[in-house]
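This is what each chain is made of:
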Amino acid sequence: GDNRLKSQSLTRALSALTALQLGVSPDAAIGPALMQLYDAARRTVLDSVLAFDPPSLRTIRNDFIDISRAMAGANS
């Protein structure tokens, strides 16, 4: 219910996604898939600026958590 906090959080999410996108090498084999993921996440966050959608944001968050866990497991 705190619109200021929602706005700050969505802005932070967009900044993080921008940083991730800037770090993708388009020549890398996984580059296009990452860009597609980040673009979809960005659209969802931007859509939530106008109509806040907690379930969609939760799904994105869980997707990133799953990816992080998978990468951590692959590095073990």
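Residues numbered from 1 in each chain as written. Predicted model: local features only at pLDDT ≥ 70, side-chain atom pairs only at ≥ 80, totals over all residues. Heavy atoms only, no water.

Caption draft 1: Seen up close, the layout of surface pockets. Space inside the largest pocket adds up to approximately 400 Å³. Taken together, 15 residues form the lining of the largest pocket, with A13, V45, L57, I60 and R61 sitting closest to its centre. Among the secondary structure elements, those contributing two or more residues to the lining of the largest pocket are helix 1 (3–22) and helix 3 (54–74). Top contributing element to the lining of the largest pocket by residue count: helix 1, with seven residues. (1 Å grid on protein atoms, 1.4 Å probe; cavity = no way out; pocket = protein on both sides within 12 Å on 5 of 7 lines; lining within 4 Å. Points joined across faces, edges and corners; volume = space filled by probe spheres on them. Helix = DSSP H or I, 4+ residues; strand = E, 2+ residues; numbered from the N terminus.)

Caption draft 2: Structural view of the environment of P55. As for its position among the elements, P55 is in helix 3. For P55, a relative accessible area of 47% translates into the label partly exposed. Through-space distance from the C-alpha of P55 to that of L14 is 17 Å; in sequence the pair is 41 residues apart. (Buried < 20%, exposed > 50% of the residue type's maximum accessible area, 1.4 Å probe, protein only.)

Caption draft 3: Seen up close, helix 1. In this model helix 1 runs 28 Å from its N-terminal to its C-terminal C-alpha over 20 residues, within 8% of the 28 Å that 1.5 Å per residue would give. Of all the residues in helix 1, the buried ones are L10, L14, L17 and Q21. One side of helix 1 carries all its buried residues, which in axial view fall inside an arc of 65°. Across from the buried face of helix 1, at angles greater than 90 degrees, the exposed residues are R4, R12 and L22. Those residues of helix 1 hidden inside the fold are in contact with helix 2 (31–50) and helix 3. The residue sitting at the N-terminus of helix 1 and contributing the capping side-chain oxygen is D2; that oxygen lies 3.1 Å from the backbone nitrogen of R4. (Expected span 1.5 Å × (residues − 1). Arc of directions from axis to C-beta. Contact = heavy atoms within 4.5 Å. Polar contact = N/O pair within 3.5 Å; in protein donor to acceptor, adjacent residues only side chain to side chain.)

Caption draft 4: Fine view of the packing of helix 2 against helix 3. The geometry of helix 2 relative to helix 3 is characterised by a closest axis approach of 9 Å and an angle of 150° between their N-to-C directions. What the angle tells us is that helix 2 and helix 3 run roughly antiparallel. Crossing of helix 2 against helix 3: the hand is left-handed. Counting all contacts with helix 2, which are made through L37, Y38, A41, T44, V45 and S48, the residues of helix 3 involved are S56, L57, I60, F64 and I67. Tallied by class, residues from the contact of helix 2 with helix 3 come to eight nonpolar, three polar and no charged. (Axes fitted to C-alpha atoms, helices over the stretch in contact; angles between N-to-C directions. Parallel < 35°, antiparallel > 145°, perpendicular 65-115°, else oblique. Left-handed = near helix turned anticlockwise from the far one by under 90°. Nonpolar A, V, L, I, M, F, W, Y, C, P; charged D, E, K, R; others polar.)

Caption draft 5: Geometry of the packing of helix 1 against helix 2. Contact geometry for helix 1 and helix 2: axes closest at 10 Å, N-to-C directions at 165°. Taken together, the axes of helix 1 and helix 2 lie roughly antiparallel to each other. With respect to the hand of their crossing, helix 1 and helix 2 are arranged in left-handed fashion. The residues of helix 2 that touch helix 1, namely those facing L10, A13, L14, L17, T18, L20 and Q21, are M35, Y38, D39, A41, R42, V45, L46, S48 and V49. For the contact of helix 1 with helix 2, the per-class residue count stands at eleven nonpolar, three polar and two charged.

Remember, this is a structural readout, not a statement about activity or role.
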